Amino acid sequence: QVQLVESGGGLVQAVGSLRLSCSASGRTFSGYAMGWFRQAPWKEGEFVAACSWSGSRTTYADSVEGRFAISRDNAKNTLFLQMSSLKLEDTAVYYCAAGRFSDSIATRYDYWGQGTQVTVSS
C-alpha cells in the first residue's frame, strides 16, 4: 500500500504560478511511476503529467506542455507539479497517483491521493 497526500492547492490569479506537492508513505516511493491528473467541475478527469520512477522520463498533456513541470524527490518521498502561466481552464481538483507505468491512462495507476483544489481567477 502507498498513501498519497496532496498539498499546495489554492486560489491564484491567471498567469500566476503554483507548486503542488504529493507526499508518499508506505511502500517504497521510488519503486513507482507517478502521475498527476485533474478533474474540473462537470468535466471528465484528465491526465496532466507523469514521470518514471527515477524522474528521468516525463510526459505531459498537450494542454499543459511548456507551462507545467513534474518532478520528484525520492529521498523525500515527494512528487511535485510546478504550474506556471496558469489559465482559468486549469481550475480543477488535482490528484497524484502511483503505479507501475508512467502513462496517461488513469486506470493503470494503483494508488490515489484525495486531491487538492486549484482555482485560477481572472
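It should be noted that the structure appears before, not after, this text.
Nothing here was measured: the structure is a model prediction, and the numbers come from that model.

Parameters and conventions
- Residues numbered from 1 in each chain as written.
- Predicted model: local features only at pLDDT ≥ 70, side-chain atom pairs only at ≥ 80, totals over all residues.
- Heavy atoms only, no water.
- Helix = DSSP H or I, 4+ residues; strand = E, 2+ residues; numbered from the N terminus.
- Rg over C-alpha atoms; globule rule 2.2 N^0.38 Å.
- Buried < 20%, exposed > 50% of the residue type's maximum accessible area, 1.4 Å probe, protein only.
- Disulfide = S-S within 2.5 Å.
- Pairing = 2+ DSSP bridges.
- Axes fitted to C-alpha atoms, helices over the stretch in contact; angles between N-to-C directions.
- Salt bridge = Lys/Arg side-chain N within 4 Å of Asp/Glu carboxyl O.
- Polar contact = N/O pair within 3.5 Å; in protein donor to acceptor, adjacent residues only side chain to side chain.

Draft legend 1. Representation of the overall build of the chain. Along the chain, the regular secondary structure elements total zero helices and 11 strands. Along the chain direction, N to C, the helices and strands of the chain fall in the order β-β-β-β-β-β-β-β-β-β-β. By the compact-globule yardstick of 14 Å for 122 residues, the chain fits well, its C-alpha radius of gyration being 13 Å. Principal-axis analysis of the C-alpha atoms places the extent of the chain at approximately 40 × 25 × 25 Å. Residue burial in the chain is summarised as follows: out of 122 residues, 45% are buried.

Draft legend 2. Local environment of the state of the cysteines. Applying the stated criterion across every chain, the model contains one disulfide. Here Cys22 engages in a disulfide with Cys96; their sulfurs sit 2.0 Å apart. On the sign convention where negative is left-handed, the bridge of Cys22 and Cys96, at about 55° about the S-S bond, is right-handed. Remark: Cys96 occurs in strand E9 (residues 92-99) and Cys22 occurs in strand E3 (residues 18-26); sequence separation between them is 74 residues. Per residue, the accessibility class of Cys22 equals that of Cys96, and both read buried.

Draft legend 3. Seen up close, the sheet that holds E3. Ordered by their spatial adjacency, four strands build an open sheet running E1-E3-E8-E7, and the pairing between neighbours is antiparallel. For this open sheet the edge positions go to strand E1 (2-7) and strand E7 (68-73), each flanked by a neighbour on one side alone. Sheet twist, expressed as the mean angle between neighbouring strand axes with direction ignored, is 15°. As judged from the six bridges shared by E1 and E3, these two strands associate in the antiparallel manner. Looking at E3, one finds that Leu4 is bridged to Ala24.

Draft legend 4. Summary view of the environment of Ala69. Mapped onto the elements of the fold, Ala69 is located in strand E7. On the accessibility criterion, Ala69 (35% relative accessible area) is partly exposed. For the pair Ala69 and Phe80, spaced 11 residues apart in sequence, the C-alpha separation works out to 8.0 Å.

Draft legend 5. View of the pattern of salt bridges. Taken as a whole and judged by the stated rule, the model has four salt bridges. The partner of Glu46 in a salt bridge is Arg38, with the nearest N and O atoms 2.6 Å apart. Of the charged contacts, one joins Arg67 and Asp90 as a salt bridge, the two residues approaching to 2.8 Å between their closest N and O atoms. With Arg67 in the loop between strand E6 (58-60) and E7 and Asp90 in the loop between strand E8 (78-83) and E9, the pair connects residues that are 23 residues apart, well separated along the chain. As far as the burial class goes, Arg67 and Asp90 line up, both buried.

Draft legend 6. View of the side chain of Arg67. Overall, the relative accessible area of 12% leaves Arg67 in the buried class. Looking at Arg67, its side chain comes within polar contact range of the main-chain oxygen of Ser85, at 2.9 Å.

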